[in-house]
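Next come the chains, spelled out residue by residue.
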Amino acid sequence: MGDSPLILTAQLPDDLQGWATGLRNAHFPPERNYLAAHVTLFHALPGFCEAEVIAQVRQLAKEFAPVDARITGVMSLGGGTAIRIESDGILRLRAMIAEHFHGMLTEQDSGGKRLHVTVQNKVSKAEAKALQAQLAPQVSERPFRFRGLGIHRYEGGPWGLVDDVNFRGKARA
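In this text the structure is predicted, and so the values were computed from the model without any measurement.

(A) Spatial organisation of the nonpolar core. Ranked by internal contacts, the top residues of the largest apolar core, which has 42 residues, are Leu8, Ile85, Ile90, Phe146 and Phe167. Sort the elements by how many residues they give to this core and helix H2 (residues 50-63) lands first, with five residues. For Ile90, the residues in contact, after removing those within four places along its chain, are Ala10, Leu41, Val67, Leu115, Phe146, Leu149 and Phe167.

Given below as structure tokens:
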């Protein structure tokens, strides 16, 4: 436990995780690429709430089955490129967590959320547009299910894994 912020991610299935990490490794600036591909739900939950975050995530994982989602294409991040994801279910779970931690969220985490996997970031707009044009024909719509939620501690670059919890309930989010 500590004061470093916690990052909450929606966990991709293994096959999609491998594919997306391969894209990230090929296109993310290597001097800043500390992480595997991920879908961030919260960027900075308070570190002093670690036990409460773990308890909340584990409870949700007990109740909910893997959550339906869909890759819908390539997405511009301005100076970067991402794979766009749609999932009403994971956004509902995110809203439940946001409500639980109401008053403790950063401005970034309080707003709406566009689900995505970042493939490239902090490059020129021209470089980003070129990659988007290259990837667009390769990224087709595809259904999948998020397998669970991951809790990570921000460690100045790389993240430290705190907990990785698979959904195992019967309810649909």
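(B) Up close: the sheet that holds strand E6 (residues 142-146). Taken in spatial order, the four strands make up an open sheet running E5-E4-E3-E6, and their pairing is antiparallel. This sheet does not close on itself; its edge strands, each paired only once, are strand E5 (116-120) and E6. In this sheet, neighbouring strand axes are inclined to one another by 35° on average, regardless of whether the strands run parallel or antiparallel. Bridge analysis of strand E3 (residues 67-76) against E6 gives five bridges, and the strand direction is antiparallel. Its bridge partner being in E6, Arg70 is matched across the sheet by Pro143. Helix H1 (residues 14-27) rests against E3, strand E4 (81-86), E5 and E6 of the sheet, and its axis sits at about 30° to E5.

(C) Local environment of the packing of H2 against helix H3 (residues 88-100). Two numbers describe how H2 lies on H3: the axes approach to 11 Å, and their chain directions differ by 145°. Crossing hand, H2 versus H3: right-handed. Residue-level contacts link Glu52, Gln56 and Leu60 of H2 to Leu93, Met96, Ile97 and His100 of H3.

(D) Representation of the environment of Val117. Locating Val117 in the fold gives a position in strand E5. Along the backbone, Val117 and Arg24 are 93 residues apart, and their C-alpha atoms lie at a distance of 8.8 Å. Ignoring sequence-local partners within four residues, the contact set of Val117 consists of Leu12, Ala20, Ala37, His38, Val39, Thr81, Ala82, Ile83 and Ile85.

Thresholds applied
Residues numbered from 1 in each chain as written. Predicted model: local features only at pLDDT ≥ 70, side-chain atom pairs only at ≥ 80, totals over all residues. Heavy atoms only, no water. Core = buried A, V, L, I, M, F, W, Y, C linked by side-chain atoms within 4.5 Å. Buried < 20%, exposed > 50% of the residue type's maximum accessible area, 1.4 Å probe, protein only. Helix = DSSP H or I, 4+ residues; strand = E, 2+ residues; numbered from the N terminus. Contact = heavy atoms within 4.5 Å. Pairing = 2+ DSSP bridges. Axes fitted to C-alpha atoms, helices over the stretch in contact; angles between N-to-C directions. Left-handed = near helix turned anticlockwise from the far one by under 90°.

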